[in-house]
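Geometric and topological summary
Spelled out from the first residue to the last, the chains are:
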Amino acid sequence: QVQLVESGGGLVQAGGSLRLSCAASGGTFSSNAMGWFRQAPGKEREFVATINRSGSSTAYADSVLGRFTISRDNAKNTVYLQMNNLRPEDTAVYYCARRTNFPTTSTSPNEYDRWGQGTQVTVSS
C-alpha cells in the first residue's frame, strides 16, 4: 500500500523559511514524478511544484518561482520543498502527491493518484 507522509510544516514569520518533507512507502519511488500542491481555506487546491523521477526536471507555479525549490532523494524515498522568503499568502495546507507510473512532471492535480494527509504552513505578517 502506497503511503505519503508530509512533515515540516509550522508557523513562521513573513520572510522566514521552512523545509517540507514527504516520505513515501510502498511502490517504486524512483519510477514516479512527484508534486507539491496547497490549499488555502475557501480556495481550491493549487499546484506549487513538480519534479520528474530523476530530479533533472522541475516546474513551479509563478507565485513561488524563485522562492521555493523542489528536490528529491530517491535513496531515501523522500521529496522535499524548500520554502524561502515566505509570505502570508503562502499560508495553506501543503500536500505531496505521486504520479504513479509516470516519470514526467505535471502541473495538474488530476494526474496524481496518491496523496499525503497534508501539513499546515502558516505565515504571519
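The rules we used
- Residues numbered from 1 in each chain as written.
- Predicted model: local features only at pLDDT ≥ 70, side-chain atom pairs only at ≥ 80, totals over all residues.
- Heavy atoms only, no water.
- Helix = DSSP H or I, 4+ residues; strand = E, 2+ residues; numbered from the N terminus.
- Rg over C-alpha atoms; globule rule 2.2 N^0.38 Å.
- Buried < 20%, exposed > 50% of the residue type's maximum accessible area, 1.4 Å probe, protein only.
- Contact = heavy atoms within 4.5 Å.
- Areas by Shrake-Rupley, 256 points an atom, 1.4 Å probe, with all protein chains shown as cover.
- Lys, Arg positive; Asp, Glu negative; His and termini not counted.
- Charge placed at Lys NZ, Arg CZ, Asp CG, Glu CD.
- Salt bridge = Lys/Arg side-chain N within 4 Å of Asp/Glu carboxyl O.

Focus: the overall build of the protein chain
The secondary structure content of the protein chain amounts to zero helices and eleven strands. Tracing the protein chain from N to C terminus, the helices and strands come up as β-β-β-β-β-β-β-β-β-β-β. In terms of overall dimensions, the protein chain is globule-like: its C-alpha atoms have a radius of gyration of 13 Å, near the 14 Å expected for 125 residues. Counting only C-alpha atoms and orienting by the principal axes, one finds that the protein chain spans roughly 40 × 25 × 25 Å. Here the protein chain holds 125 residues, and the buried ones make up 43% of them. Across the protein chain, the fraction of contacts at a sequence separation of at least 24, relative to all contacts at a separation of at least 6, is 59%. For the protein chain, the exposed surface amounts to about 6200 Å²; the carbon and sulfur share of it is 44%. If you average the places of the 12 positive and of the 9 negative side-chain charges in the protein chain, the two averages end up 6 Å apart.

Examining the pattern of salt bridges
All chains considered together, the criterion is met by five salt bridges. Ionic pairing is found between D90 and R38, a salt bridge with its closest N-O pair at 2.9 Å. Placement of D90 in the loop between β8 (78–83) and β9 (92–99) and of R38 in strand β4 (residues 33–39) is noted, with a sequence separation of 52 residues between them. You can call D90 buried: its relative accessible area is 0%. Overall, R38 belongs to the buried group, its relative accessible area being 5%.

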